[in-house]
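Secondary and tertiary structure notes
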Amino acid sequence: DIEIDSDSKKLILGDGQDAHIYYDGTSLVIKSDQVGPGTTTFSNGINLLAGRFVPAARLTMAVGDTTPTVYAGNIFICQGGRGAGTTITDFDNAISGQIISICADDATLTIANNIHIQLQGSVNFAMADGDTITLCYGISGTATRWSELSRMTV
């Protein structure tokens, strides 16, 4: 047995000491990407809450970030005060096959149609309060990019 008697103290693994496991006082954190990109593999699958995955209820994107990171989840809320005129041109730290939904909580967000994001009709989506867009990251032709799966406007 290994016992660590303090919150946020890390079990550090690997030749480059680039993998960490720790408890932050609320959640168990497993980070396999401290130095470079990394993945966490479960050889026999994973069972969360009796086989049900429950995404975080409200992940938010940083104000004014035009290439927000999406490694932490699949559902993102863009809350009021995000910044008038913010245009997202790409999403950082995606994995192939990842599906994300962006829910606008104000009318200051635009998703850009470009080489990184392929939208319906090949035009930008200026989101209004309550609008939602769902995108999938993967191979599209010869490029790896986000492709629109659906959108809902209110």
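Because the structure is predicted, anything quoted here is derived from the model rather than measured.

**What to know about unusual backbone geometry**
A positive phi angle is found at asparagine 93, which is not glycine, with a value near 65°. Inspection of the secondary structure assignment puts asparagine 93 in the loop between strand E6 (86–88) and strand E7 (99–104). For serine 122, which is not glycine, the phi torsion reads 55° and is therefore positive. Along the chain, serine 122 falls in the loop between strand E9 (117–118) and strand E10 (125–127).

**Looking at the environment of methionine 127**
Turning to its location among the elements, methionine 127 is positioned in strand E10. Residue methionine 127 is classed as buried on the basis of its relative accessible area of 3%. Residues methionine 127 and threonine 110 lie 17 residues apart in sequence; the distance between their C-alpha atoms is 5.7 Å. Residue contacts for methionine 127: discarding those within four places in its chain leaves Ile102, Ala104, Asp106, Ala107, Thr108, Leu109, Ile111, Thr132 and Ile133.

**Examining the nonpolar core**
Formed by 19 residues in total, the largest nonpolar core has its most connected members in Phe91, Ile100, Ile102, Ile111, Met127, Ile133 and Trp146. Broken down by secondary-structure element, the contributors of at least two residues to this core are strand E5 (75–78), E7, strand E8 (109–111), E10 and strand E11 (132–140). In this structure isoleucine 100 touches Val70, Gly73, Asn74, Phe76, Phe91, Ile133, Thr134, Leu135 and Trp146, once residues within four positions along its chain are discounted.

**Notes on the packing of aromatic side chains**
Summed over all chains, the structure comprises two aromatic pairs. Here phenylalanine 91 and tryptophan 146 contribute two aromatic rings whose centre-to-centre distance is 5.4 Å and whose plane-to-plane angle is 75°, an arrangement assigned as edge-to-face. Taken together, the positions of phenylalanine 91 in the loop between E6 and E7 and tryptophan 146 in strand E12 (residues 143–152) put the pair 55 residues apart, joining distant regions of the chain. Residues phenylalanine 91 and tryptophan 146 agree in their burial class; the two are buried. Centroid distance tyrosine 137 to tryptophan 146: 5.0 Å. Interplanar angle 50°. Geometry classified as tilted. Just as tyrosine 137 is buried, tryptophan 146 falls in that class too. Pairwise contacts between aromatic rings join Phe91, Tyr137 and Trp146 into one cluster. For lysine 10, the ring lying beneath its charged end belongs to tyrosine 22, and the centroid distance is 5.1 Å.

**A few points about the pattern of salt bridges**
Throughout the structure, instances matching the rule amount to one salt bridge. The partner of arginine 151 in a salt bridge is glutamate 148, and the shortest N-O contact between them spans 2.7 Å. Under the relative-accessibility criterion, glutamate 148 is labelled buried at 15%.

**With respect to the sheet that holds E6**
By way of backbone hydrogen bonds, the strands of a sheet pair with one another, either parallel or antiparallel. Taken together, three strands build an open sheet; the order of strands is E6-E8-E10 and the sheet is mixed. In the strand order of this sheet, the two ends are held by E6 and E10, each with one partner. Pairwise comparison of adjacent strand axes, ignoring direction, gives a mean angle of 25° for this sheet. Of the pairings in the sheet, the one linking E8 to E10 comprises three bridges and is antiparallel in character. Considered in E10, the bridge of isoleucine 111 is made with phenylalanine 125.

**With respect to the pairing of strand E3 (residues 28–31)**
The pairing of strand E2 (residues 19–23) with E3 spans four bridges and is classified as antiparallel. When the sheet's bridge partners are listed, histidine 20 is paired in E3 with lysine 31. Between E2 and the antiparallel strand that follows it, E3, lie four residues; glycine 25 among them carries a positive phi value of about 100°.

Thresholds, definitions, all that
Residues numbered from 1 in each chain as written. Predicted model: local features only at pLDDT ≥ 70, side-chain atom pairs only at ≥ 80, totals over all residues. Heavy atoms only, no water. Helix = DSSP H or I, 4+ residues; strand = E, 2+ residues; numbered from the N terminus. Buried < 20%, exposed > 50% of the residue type's maximum accessible area, 1.4 Å probe, protein only. Contact = heavy atoms within 4.5 Å. Core = buried A, V, L, I, M, F, W, Y, C linked by side-chain atoms within 4.5 Å. Phe/Tyr/Trp six-rings, centres within 6.5 Å; stacked < 30°, edge-to-face > 60°. Lys NZ or Arg CZ within 6 Å of the ring centre and 35° of its normal. Salt bridge = Lys/Arg side-chain N within 4 Å of Asp/Glu carboxyl O. Pairing = 2+ DSSP bridges. Axes fitted to C-alpha atoms, helices over the stretch in contact; angles between N-to-C directions.

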